[in-house]
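# Remarks on the overall topology
What follows is the residue order along each chain.
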Amino acid sequence: MKQLPPQIRDWFDGRGWRLRQHQTDMIAAAGAGRDALLVAATGAGKTLAGFLASIAELIEQPDFEGLHTLYVSPLKALAVDVQRNLLEPVEEMGLDIRIETRTGDTPSDRKARQRARPPHILLTTPESLSLLLSYPESATMFANLRTIIVDEVHAFAPTKRGDLLALSMARLQTLAPAMRRVALTATVKDPDGFRGWLSSDGDYEGVDLVRGEPGAKADIRILLPEDRVPWSGHSGRYAAAQVMAEIEAHDLTLVFCNTRSLAELIFQDLWAVNDRNLPLGIHHGSLGVEARRKVEAAMASGRLRGLVCTASLDLGVDWGDVDLVIQMGAPKGSSRLLQRIGRANHRLDEASQAIIVPGNRFEYLEARAALDAVDAGELDEDIWRPGALDVLAQHIMAVACAGPFAADHMYREVRTAAPYATLSRDIFDRVLGFIESGGYALRAYDRYRRIRLGPDGLWRVSHPKFTKQHRLNAGIIVDAPVLDVRFRNGRRLGTVEEYFASTMRPGDTFYFAGLALEVEGIKDADLFVRATSRPARIPTYVGARMPLTTNLANRVRHFLHEPEEWRRFPQDVREWLEMQQMRSVLPAPNELLVETFPREGRHYMVAYSFEGWNAHQSLGMLITRRMETMGLSPIGFVSNDYAFACYSMKPVEDPRPLFSADILEEELIEWIQTSHLLKRAFREVAVIGGLIERHIPGKRKTGRQVTFSTDLIYDVLRKYEPDHMLLSAAWEDAKGRLTDIGRLADLLERAPSTMVHRQLDRVSPLAVPVLVLIGRERVATGTVDDELLIEAETLAQEAMRAV
Amino acid sequence: MVPLSFAGHDLTPLPDGALWWRARRALLLADLHLEKASWYAARGQMLPPYDSLKTLEDVAAVVAATGAQEVWCLGDSFHDRDGCDRLPDDARALLTGMTARLDWTWITGNHDAGFADACGGTVVEEALVDGLLLRHEAVPGEMRPELSGHFHPKLRLRVRGRGVSRRCFVVGERKIILPAFGALTGGLDAAAPPILKAVGGGAVSALIPTAEKLLRFPLAA
């Protein structure tokens, strides 16, 4: 291998550091002109390893003109952070290398200057890169590009943002044939999947695999409550005092919560027991950028002792000396747990400290399973799916905005992006037709075409207004419509979903950003609030719940059947399982246990299917419907990650017909098509694909509706053109994302041969964690909206009655 | 279907958003917004070109179900004044068939002000029918009983952790505001200040007809 330039060697020597093996390997890959994927734990100097080769090249070619290296990170804040971590070494080496960032927050004059005179290294996000590619200058700007570095690729390669970046890379490769691809990832189960995603020709062997040295094993504990492990709940709220004691005993503790609502609750709980008045903060995705930056800065400068956060801190932002990570509730997956734990202690050779606080007895088993999985080095599977068509539409429109293109070339180029490797010409042409004028069979909008095919065989944007429209609306993340939460003085705290806001009236109170707030009023897109000391409720977010991974579910099933494992469990968990074995049965890992029993005049059926909350919600809905047709008068159902329970006026004598696989054929499809799930997916693909414009907050007018409901568009399209491309795209999304149809199908396929039915005289111990949800979660039955409305009217009448 | 007694007349709100006036065998419909999709398509948002057909099929269905002989459209029947010219052939045939067969009146609104009746029917600005004033937008000081559209009222509720949103009639002491009938028409919260202001003081409720019951939700006392 050739020598590194002296500036870099001296810098390493000056710090008493040596080049690590993976850093050397990454430089070697660059020297050989090969693409490379670096898999390494947090704290391994991963980012620097990615950049070293570029820095060396820029030292060797001091006259290099233009953009040399493009760095893409999924997080805006990360690009800012890396600028700091990269700028510092470059400055200390005394190098004249121009490094700049470009995100949605970059002022437009600087963006224009970057297009005309690009820096040597540009740090950006997938969305900003896609926008850059929509400018005619992109051809010259990227002509000299040597390297693209994609960071934290595990976090987004198998998602729509990954699709967008894969397409952008395909475009860049055409503009800069010499460009080399590099990606950095945390430890993943299947590196070859990521190599394939990164490759420029679909062959993963063309991408070198470089592995970092393994870090020290993490030191993880399960926190047990001072009294008993609770029967129910999934938040670990009971443990506030114990969590506070841990915060007091450490310098800086991150408290991870699985949802934003939970983060607000936990923050309130901790604050209530914060007798020593330690500085605590809260961080989640609905808070305003200003609020988040403030907390991040406080953390970096050591002014915080505890930070309650959500997945918003999952990625490798290296702001402070975190020495403890606490996971509230079950971690739901071993990879996620490992990455969260990696936030503590960014040094490889020291063990990270972490504590899991299980919310209930099942979650205790799940926490134990996660620990075992981490010990065994078992990671969760990444699920790869074909590239999304709405993203493809957005990308092609971006390229069209930059200049004319030929369909044949575009098709070939798009197929070099791994997610689109198998895209058929027919589907590609349908996407083109969609961009052109909506892609309707009627061709009703030919006179309004957004792109036109010229006599020279090239497609062009037909009017500059469509280019402008594209740039305003491009992007992959489609949030539910939101309102800004503001104080009267204009200070913005963050956002709440429009739906939540629409249920609030002046005088109502809610917790947000760690404060109790009272609503003063809504004006345009703002929800005005003031601080209050009155008790408050918590905003609900539409966001999906994290599903329990199959790998943890399997481990929990295994625990149930292996009494010798129980010796490791606390006494009350052990007694719970022993009692279950005595009163009913503990299913073998491949069995589906169904219990039925009467209680207080109702009849209950509990199925322990371990397929995760999402799958159970769908199944509960379908089974309740079947019970309805069978005349069993179901009243409702509840579910958690491990089981679901239906309750009815009449008993289920034989559960087998309820679980037959044909439920998936018509009933499921019918249910999904009319569900909110598919409508939400449709809204996303309609916005990403460019069918409709985004809700742009500043553009909203008072009082009158200025936008249209995508639900209505969905209904009309489904009725008149059910084969439309966007409906297929929405269907693909919904299928993969929320209902876990595959898991449902497996479960039902197995059910006839694996079902163990126990008729009991009363409730079993295993049933308690799910049954206590009745009345607490108030989940509706299969009820259509009408029944909900009738119920609401009754309540309203009752409340409005004078005597 | 439960009728509502209003200014001495029995009027029946129907689940799809039409108001049925049995004594006259008349249907009242507000805010059809025909050709809304093509209006947006001309501006780069290619909404499905089936909204007029869907809306008019719904109109035809409610006409058939009630046996109506009169139809009153309370304004914004077309999304813009040229909407009538853009109707696709199938939708146009359906509409002209109905306007030829029925006693059909277009009341103009703010969207379709000044449109010509290229599709049949009579165009008026407002109408007084058996003592009821029909117009597009409620006039706050109006003392006569009045039926109007314009606001697209919708009731939004959170019940059992689920959001439910439904088109509704807003009924005050002297005014009824009809929901929008059009297939692609969005809605405004029934309790929004502009609606409460338009419907005047006194007791105001939102009405949602379901198959069996007429649900009543108080909005203001």
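No experiment lies behind these values; they were computed from the predicted model shown. (Residues numbered from 1 in each chain as written. Chains lettered and ligands numbered in written order. Predicted model: local features only at pLDDT ≥ 70, side-chain atom pairs only at ≥ 80, totals over all residues. Heavy atoms only, no water.)

### So, the overall build of chain B
- Within chain B, the secondary structure is distributed over five helices and 17 strands.
- For chain B, whose C-alpha radius of gyration is 17 Å, the value lies close to the compact-globule estimate of 17 Å for 221 residues.
- Structurally, chain B occupies a C-alpha span of about 45 × 40 × 35 Å along its principal axes.
- In chain B, which comprises 221 residues, the proportion classed as buried is 60%.
- At a minimum sequence separation of 6, the contacts of chain B that also span at least 24 residues come to 62%.
- About 7,900 Å² of surface is accessible on chain B, with carbon and sulfur atoms providing 51% of the total.
- Across chain B, the mean location of the 24 positive side-chain charges is 8 Å away from that of the 26 negative side-chain charges. (Helix = DSSP H or I, 4+ residues; strand = E, 2+ residues; numbered from the N terminus. Rg over C-alpha atoms; globule rule 2.2 N^0.38 Å. Buried < 20%, exposed > 50% of the residue type's maximum accessible area, 1.4 Å probe, protein only. Contact = heavy atoms within 4.5 Å. Areas by Shrake-Rupley, 256 points an atom, 1.4 Å probe, with all protein chains shown as cover. Lys, Arg positive; Asp, Glu negative; His and termini not counted. Charge placed at Lys NZ, Arg CZ, Asp CG, Glu CD.)

### Side note on the confidence of the model for chain A
Residue and element names in this part refer to chain A.
- The predicted model of chain A has a mean per-residue pLDDT of 85, with 88% of residues at 70 or higher.
- Mean pLDDT values for the elements of chain A range from 63 in helix 29 (residues 785–800) up to 98 in helix 16 (residues 407–415).
- In this model residues 697–706 is a low-confidence stretch, pLDDT under 50, and it forms 18 contacts with partners more than four residues away in sequence or in other chains.
- Predicted confidence for residues 777–784 stays below pLDDT 50, and this span has 22 contacts to residues more than four positions away or in other chains. (pLDDT = per-residue confidence, 0-100.)

### Section: unusual backbone geometry
- Within the chain, Ser633(A) stands out as a residue other than glycine whose phi angle is a positive 50°.
- Here Ser633(A) lies in the loop between helix 22 (613–629) and strand 23 (634–639).
- Located in the positive-phi region is Asp130(B), a residue other than glycine, with phi close to 45°.
- Considering the arrangement of structural elements, one finds Asp130(B) in the loop between strand 8 (127–129) and strand 9 (132–134).

### What to know about the sheet that holds strand 25 (residues 755–759) of chain A
Residues and elements named next belong to chain A.
- An order of 23-24-22-21-25 is seen for the five strands of this open sheet, with the pairing classed as mixed. Every other strand in the sheet has two partners, leaving strand 23 and strand 25 as the edge strands with one partner each. Between one strand axis and the next, the sheet turns through 15° on average, direction left out of account.
- Inspection of the sheet shows strand 21 (residues 592–599) paired to strand 25 by five bridges, in the parallel sense. Looking at the pairing, Val 594 lines up with His 757 of strand 25.
- Of the strands in this sheet, strand 22 (602–608), strand 23 and strand 24 (644–648) are in contact with helix 22, which crosses strand 23 at around 170°. (Pairing = 2+ DSSP bridges. Axes fitted to C-alpha atoms, helices over the stretch in contact; angles between N-to-C directions.)

### Examining the pattern of salt bridges
Residue and element names in this part refer to chain A.
- Taken as a whole and assessed by the stated rule, the structure comprises 50 salt bridges over all chains.
- The salt bridge partner of Glu 366 is Lys 332, with a shortest N-O separation of 3.1 Å. Residue Glu 366 is located in helix 14 (residues 361–375), and its partner Lys 332 is located in the loop between strand 12 (324–328) and helix 13 (334–341); the two are separated by 34 residues in the primary sequence.
- Lys 332 gets classed as buried once you look at its relative accessible area, which sits at 9%. (Salt bridge = Lys/Arg side-chain N within 4 Å of Asp/Glu carboxyl O.)

### Points about the sheet that holds strand 4 (residues 26–29) of chain B
All names here are of chain B.
- Reading across from one edge, 1-2-3-4-5-6-7 is the order of the seven strands in this open sheet, with mixed pairing throughout. Of all strands in the sheet, those bounded by a partner on one side alone are strand 1 (4–6) and strand 7 (122–124). Strand-to-strand, the axes of this sheet are offset by a mean angle of 25°, without reference to chain direction.
- The pairing of strand 1 with strand 2 (residues 9–13) spans three bridges and is classified as antiparallel. Note on strand 2: the bridge partner recorded for Ser 5 is Asp 10.
- Its contacts with the sheet place helix 2 (residues 51–66) against strand 3 (19–21), strand 4, strand 5 (70–73) and strand 6 (103–107), and it is angled at close to 155° to strand 4.

### Let's talk about the nonpolar core
Residues and elements named next belong to chain A.
- Counting residues in hydrophobic clusters, the biggest one holds 121 residues, and the most contacted among them are Leu 70, Phe 142 and Phe 682.
- For this core, the element with the highest residue contribution is helix 15 (residues 389–402), accounting for nine residues.
- Phe 682 has contacts with Thr 710, Ile 713, Tyr 714, Leu 717, Leu 726, Leu 727 and Ala 730, leaving out every residue within four places of it along the chain.
- Ranked by size, the runner-up nonpolar core spans 60 residues in total, among them Ala 373, Trp 576, Phe 610 and Val 638. (Core = buried A, V, L, I, M, F, W, Y, C linked by side-chain atoms within 4.5 Å.)

### Overview of helix 14 of chain A
All names here are of chain A.
- In this model, helix 14 (15 residues) spans 21 Å end to end at C-alpha, consistent with the 21 Å of a helix rising 1.5 Å per residue.
- In terms of residue burial, helix 14 counts as a mostly covered element, since 14 of its 15 residues are buried.
- Two or three places before Phe 362, at the start of helix 14, stands the capping residue Asn 360, its side-chain oxygen 2.9 Å from that residue's backbone nitrogen. (Expected span 1.5 Å × (residues − 1). Polar contact = N/O pair within 3.5 Å; in protein donor to acceptor, adjacent residues only side chain to side chain.)

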